[in-house]
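Structure assessment
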Amino acid sequence: MNNVVILPIIIPFIAGIIMVIFGRNIRLHRWLSIFTMIATGIVAITLVSQVQTQGIQTLQLGGWQAPFGISMVADMFSVLLIVTTCLVAVTCLLFAFKSIGKERESYYFYPIFLFLITGVNGSFLTGDLFNLFVCFEVMLISSYVLITIGGEKGQLRESIKYVLINVLSSFLFLIAIAYLYAVTGTLNLAHLSLRIAEVGQDGLITTVAILLLIVFSLKAGLFLFFWLPGSYSAPPTAIAAIFGALLTKVGIYAIFRMFTLVFYHEPQITHLLIAIMGALTMILGAIGAVAYNDIRMILAYNVVIAVGFIMAGLASFTSAALMGSIYYLIHDIIIKAVIFLLGGTMIHLAGTSKLNEMSGLIRNHPALGWMFFISALSLSGIPPLSGFIGKVLITQGTFEADLFWLGAIGLITSLMVLYSIMKIFLYGFWGGTLLSTKMEKGTTKGLLLPISILTAVTIALGLGVEGIHVYVDQAVYTLLDPSLYISAVFGGNPIP
Amino acid sequence: METLMSFLVGILITIGTYLVLTKSLLRIILGTSIIGHGVHLLILTMGGLKSGGPPLLEDVSYTDALPQALILTAIVINFAVTGLFLVLAYRSYKVLGTDDMDQLRGTEDE
C-alpha cells in the first residue's frame, strides 16, 4: 500500500476543480495549471525511484483487498509513461499560453486540459478493467470538449465524427467487459490473468481478447484509424499536439497491458493479428503521409505510422522487441508533441497549411528551421537522436521472432516517414522567401521556448540511452513476467 | 429469462445500429442512446439473473451486486456523453446550417 500512487490522478483533478470554482481568472488558471503539472511530474519522478528500489507499488482503494476493491498499480512501464506525459503537458501548456487565445482560455481551457491529464494518468495507473473504462471516459469527454472549444466550422464538423466513433467504441468496450465478466467472474487485471492462466485461454476468451483489441485499436489508431487524420488536424496547435502525443498512446498502453498481462496464452492468434494490423497500419499510414500536401494531414498520418511500428514490437513479443517498443513509445510521445508544435508554428507564420503556398521560412527563422530539421531526423530514427535505439531494437526483435516481413515493412515505412517530413522541410523552409518579416501572419515570440525544451529532450534521450536503460530494462522485465504484477497486487493475501 | 434478455439486447442494438447508420444527426444520437441501453442490459444479463435475491450476503441466495454497480457508472457516463453530444449537435446545426451527415464531409478549400 502506497498512497503516492493515487497522487498523479488527484493532483490535476483537484486543481481543475479549484480553477472551475474560482471562475474565469486567466492568470490564476495559467499559474495553477503549470504549477500543477510540474508538481505531478515531481510526484511521478518520486514514483519512478520508489518502483525502482521497492518493486511494483500498489494502492487498494478504501482498504478493500485486491479482487474486491479497485487496485491502483504503478509498475515501471506506467510510471515512465506518466513522467513523459507530465513533461509533454508542461510544454504544451507553455505553448498554449502564447497561442491559444483569450477566448478559449476564458472558456475553461486549462481546467479541461488538466482533466484530460487526469484521465490519461488514471488509465496508466489503474489495475481494474472497468476502472480503465472510466478513466478512458474521463479522458475522452475532456478531449471532446478540447476538440470543439472555440467552435469553428471545421472543428464542429470533425468533432461530430470523433465523438460518434468514440461513443460506439466505448459501447464495444462495455460489451467486452460484460462478456469477460461472464466468463471469468472478475475484472481485476491481476485476478483475470490468474484465472485465465488457470482455466486456459479457450476460444471464447480469445474472442473477447480480439473484441478488446478492436476497441483499443479504435482508440489507438491501430488499423482502424479512419477517424484520426480529420480530427487531429481540426483543433488548434497546442491541443492537436497533446492529442497526437497522448491520446493514441493510451490505447497503445491498454493493448500492451492486456496482451502482456492477461491474454498472452495464444500468441499465434492474437499476436499474429496484432502483427497484421500493425503492418497494414504502417503501409496505409505511409501512403497517407506521402500523398498529402498539407502539413496537418502529413503529421496526423505520421501519428498512425508510429502506432503500427510500436505494435510490431508487441507482436514480436521478445525481450528486445518489447524494450524497443518502450523506448519508441517514450520517444514518440515527445517527438509527436514537438513536431505538431513545429508544424503549428509554421502554419501560424505562413497563415496556411498548404505546402505549396509557403517557402523559405528558414531565412527569417533559422532557429525554428534547424529545430524542425533535428526533430525530423529524430522522427525518422536517425542516430544519435532518440528514435534510433527503439527502431533498432524493434527491428531486431521482429527478426528474432521470424517476422521478417514485419521488420522490412517497418524499415521501408521509416524511409517514407523521412520523405514525408523532409517534404515539409524542403517546401516550407528551403527555397526563396515568399514572406518578408512584415507580411507574416504571426510571430514566434514565446513559441520557441517549449519547442526548444522538447528538442533538447529528444537529443538528450538519444545521447543518454544508457541513463534510462536501467528503467526500461525493469519495465520489460515486469511486462514479460506477469507473476510479478499479480503478486504485487495481491500482496500475500489469500486469492479467492 | 436469460434467453429473453438476450433477444431484447439484440433487438435494442439492432435498432440502435439502424439509427446510427441514418443521415440525420439527431437520429444518430438517439441510436447511440438505444445501443447504450442494450449494452447496459447485456451487462446485467452477463452477471447472472436471479429474481428476488437481495444484493447482500444474507443467506445462500443473493444477487451479484457488481454488475449493478457497473451499470450505474456506465449509465451516468452515457448520460453525460449523450447530453454533451446533443449540445454539440445543436451548436453544429446553428453554425454549419445542416444536420445531414452527407453534407458534413468537408471540402478541400477550407
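Above this text you will find the structure in question.
Residues numbered from 1 in each chain as written. Chains lettered and ligands numbered in written order. Predicted model: local features only at pLDDT ≥ 70, side-chain atom pairs only at ≥ 80, totals over all residues. Heavy atoms only, no water.

1. Thoughts on the overall build of chain A
- Helices and strands together make up the secondary structure of chain A, namely 20 helices and two strands.
- Taking 2.2 N^0.38 as the reference for a compact globule, 496 residues should give roughly 23 Å; the C-alpha atoms of chain A span a radius of gyration of 22 Å, in line with that estimate.
- Taken over the C-alpha atoms alone, chain A extends approximately 70 × 55 × 40 Å along its principal axes.
- Relative to its 496 residues, chain A shows a buried fraction of 65%.
- Here the analysis covers contacts within chain A between residues at least 6 apart in sequence; of these, 82% occur between residues at least 24 apart.
- In the form shown here, chain A has an accessible surface area of approximately 16300 Å², with 68% of it arising from carbon and sulfur atoms. (Helix = DSSP H or I, 4+ residues; strand = E, 2+ residues; numbered from the N terminus. Rg over C-alpha atoms; globule rule 2.2 N^0.38 Å. Buried < 20%, exposed > 50% of the residue type's maximum accessible area, 1.4 Å probe, protein only. Contact = heavy atoms within 4.5 Å. Areas by Shrake-Rupley, 256 points an atom, 1.4 Å probe, with all protein chains shown as cover.)

2. Structural notes on the pattern of salt bridges
Residues and elements named next belong to chain A.
- One pass over the structure, following the stated rule, counts eight salt bridges over all chains.
- For the salt bridge of Lys161 with Glu158, the shortest nitrogen-to-oxygen distance reads 4.0 Å. One end of the pair, Lys161, and the other, Glu158, are both in helix 7 (residues 153–184), three residues apart, so they sit about a helical turn from each other.
- A relative accessible area of 28% means that Lys161 is categorised as partly exposed.
- A salt bridge links Lys249 to Asp332, with the nearest nitrogen and oxygen atoms 3.1 Å apart. (Salt bridge = Lys/Arg side-chain N within 4 Å of Asp/Glu carboxyl O.)

3. Some thoughts on the layout of surface pockets
Residue and element names in this part refer to chain A.
- Looking at the largest pocket, its volume works out to about 1500 Å³.
- If you trace the largest pocket, you find 50 residues lining it, with Arg157, Glu158, Gly230, Ser233 and Ala234 closest to the centre.
- Residue assignment for the lining of the largest pocket shows that the elements contributing at least two residues are helix 3 (76–99), helix 7, helix 10 (228–233), helix 11 (237–262), helix 13 (295–316) and helix 14 (319–350).
- When residues in the lining of the largest pocket are grouped by element, the largest group, nine residues, is from helix 7. (1 Å grid on protein atoms, 1.4 Å probe; cavity = no way out; pocket = protein on both sides within 12 Å on 5 of 7 lines; lining within 4 Å. Points joined across faces, edges and corners; volume = space filled by probe spheres on them.)

4. Examining the packing of helix 1 (residues 7–21) of chain A against helix 2 (residues 26–54) of chain A
Residues and elements named next belong to chain A.
- Look at helix 1 against helix 2: their axes get within 9 Å of each other, and the N-to-C directions meet at 170°. Judged on the interaxial angle alone, helix 2 and helix 1 are roughly antiparallel. For the pair helix 1 and helix 2, contact is made by Leu7, Pro8, Ile11, Pro12, Ala15, Ile18 and Met19 and by His29, Leu32, Ser33, Thr36, Thr40, Val43 and Leu47, respectively.
- Across the contact of helix 1 with helix 2, the residue classes break down as ten nonpolar, four polar and no charged. (Axes fitted to C-alpha atoms, helices over the stretch in contact; angles between N-to-C directions. Parallel < 35°, antiparallel > 145°, perpendicular 65-115°, else oblique. Nonpolar A, V, L, I, M, F, W, Y, C, P; charged D, E, K, R; others polar.)

5. Details of the nonpolar core
Residue and element names in this part refer to chain A.
- In terms of nonpolar packing, the biggest core is built from 211 residues, with Leu129, Phe173, Phe216, Phe263 and Phe372 touching the most fellow members.
- Take this core: its biggest share by element is 21 residues, from helix 14.
- Those residues in contact with Phe372 that sit more than four places away from it in its chain are Ile339, Leu342, Met346, Ile421, Ile424, Phe425 and Phe429. (Core = buried A, V, L, I, M, F, W, Y, C linked by side-chain atoms within 4.5 Å.)

6. Section: the interface of chain A and chain B
- Facing the 28 residues of chain A at the interface are 36 residues of chain B.
- When the two sides are added together, the surface that chain A and chain B hide from each other amounts to roughly 2900 Å², 83% of it contributed by carbon and sulfur.
- At the junction of chain A with chain B, the criterion picks out zero salt bridges.
- Summed over the shared surface of chain A and chain B, the number is one residue pair in polar contact (both at pLDDT 80 or more).
- Mapped onto the side of chain A that touches chain B, the elements with two or more residues apiece are helix 6 (129–148) and helix 7 of chain A. (Buried area = accessible area lost by both parts, 1.4 Å probe. Polar contact = N/O pair within 3.5 Å; in protein donor to acceptor, adjacent residues only side chain to side chain.)

7. Examining the pairing of strand 1 (residues 57–60) of chain A
Residue and element names in this part refer to chain A.
- Both faces of strand 1 are covered, namely the face carrying Gln57 and Leu59 and the face carrying Thr58 and Gln60.
- In the sheet, strand 1 pairs with strand 2 (residues 71–74) via four bridges, with the strands oriented antiparallel. When the sheet's bridge partners are listed, Gln57 is paired in strand 2 with Ala74. (Pairing = 2+ DSSP bridges.)

8. Topic: the packing of helix 6 of chain A against helix 11 of chain A
All names here are of chain A.
- The interhelical angle for the contact between helix 6 and helix 11, taken along N-to-C directions, is 165°, at an axis separation of 12 Å. Taken together, the axes of helix 6 and helix 11 are roughly antiparallel relative to one another. Our pair here, helix 6 against helix 11, has a crossing hand that is left-handed. Taken together, the residues of helix 11 that come into contact with helix 6 (itself represented by Leu129, Leu132, Phe136, Met139, Ser143, Leu146 and Ile147) are Ile239, Phe243, Leu247, Val250, Gly251, Ala254 and Met258.
- The residue inventory of the contact of helix 6 with helix 11, partitioned by class, reads twelve nonpolar, two polar and no charged. (Left-handed = near helix turned anticlockwise from the far one by under 90°.)

9. Some words on helix 14 of chain A
Residues and elements named next belong to chain A.
- The terminal C-alpha atoms of helix 14 lie 46 Å apart, and with 32 residues this matches the ideal 46 Å at 1.5 Å per residue to within 8%.
- Across the 32 residues of helix 14, 30 count as buried, placing the element largely inside the fold.
- Backbone geometry just after helix 14 places Gly351 at a positive phi near 75°. (Expected span 1.5 Å × (residues − 1).)

10. Some details on the side chain of Thr82 of chain B
Residues and elements named next belong to chain B.
- With respect to the element layout, Thr82 can be found in helix 3 (residues 66–96).
- Residue Thr82 is classed as buried on the basis of its relative accessible area of 16%.
- Side-chain polar atoms of Thr82 contact the backbone oxygen of Asn78, separated by 2.6 Å.

11. Overview of the packing of aromatic side chains
Residue and element names in this part refer to chain A.
- One pass over the full model with this rule turns up 28 aromatic pairs over all chains.
- Geometrically, the ring pair formed by Phe136 and Phe216 is stacked, given 5.8 Å between the ring centres and 25° between the ring planes. Of this pair, Phe136 sits in helix 6 while Phe216 sits in helix 9 (residues 203–220), and the two are 80 residues apart along the sequence.
- Its relative accessible area of 1% is what places Phe136 among the buried residues.
- The interplanar angle of 40° and the centroid separation of 5.4 Å between the aromatic rings of Phe399 and Phe404 together place this pair among those described as tilted.
- Look at Phe404 and you get partly exposed, because its relative accessible area is 47%.
- Members of the aromatic cluster, connected to one another through ring pairs, are Trp370, Phe372, Phe373, Phe425, Phe429 and Trp430.
- Across from the ring centre of Tyr107, 4.7 Å away, lies the NZ or CZ of Arg24, which sits over that ring.
- Between Lys391 and the ring centre of Phe309, over which it is positioned, the NZ or CZ distance is 5.0 Å. (Phe/Tyr/Trp six-rings, centres within 6.5 Å; stacked < 30°, edge-to-face > 60°. Lys NZ or Arg CZ within 6 Å of the ring centre and 35° of its normal.)

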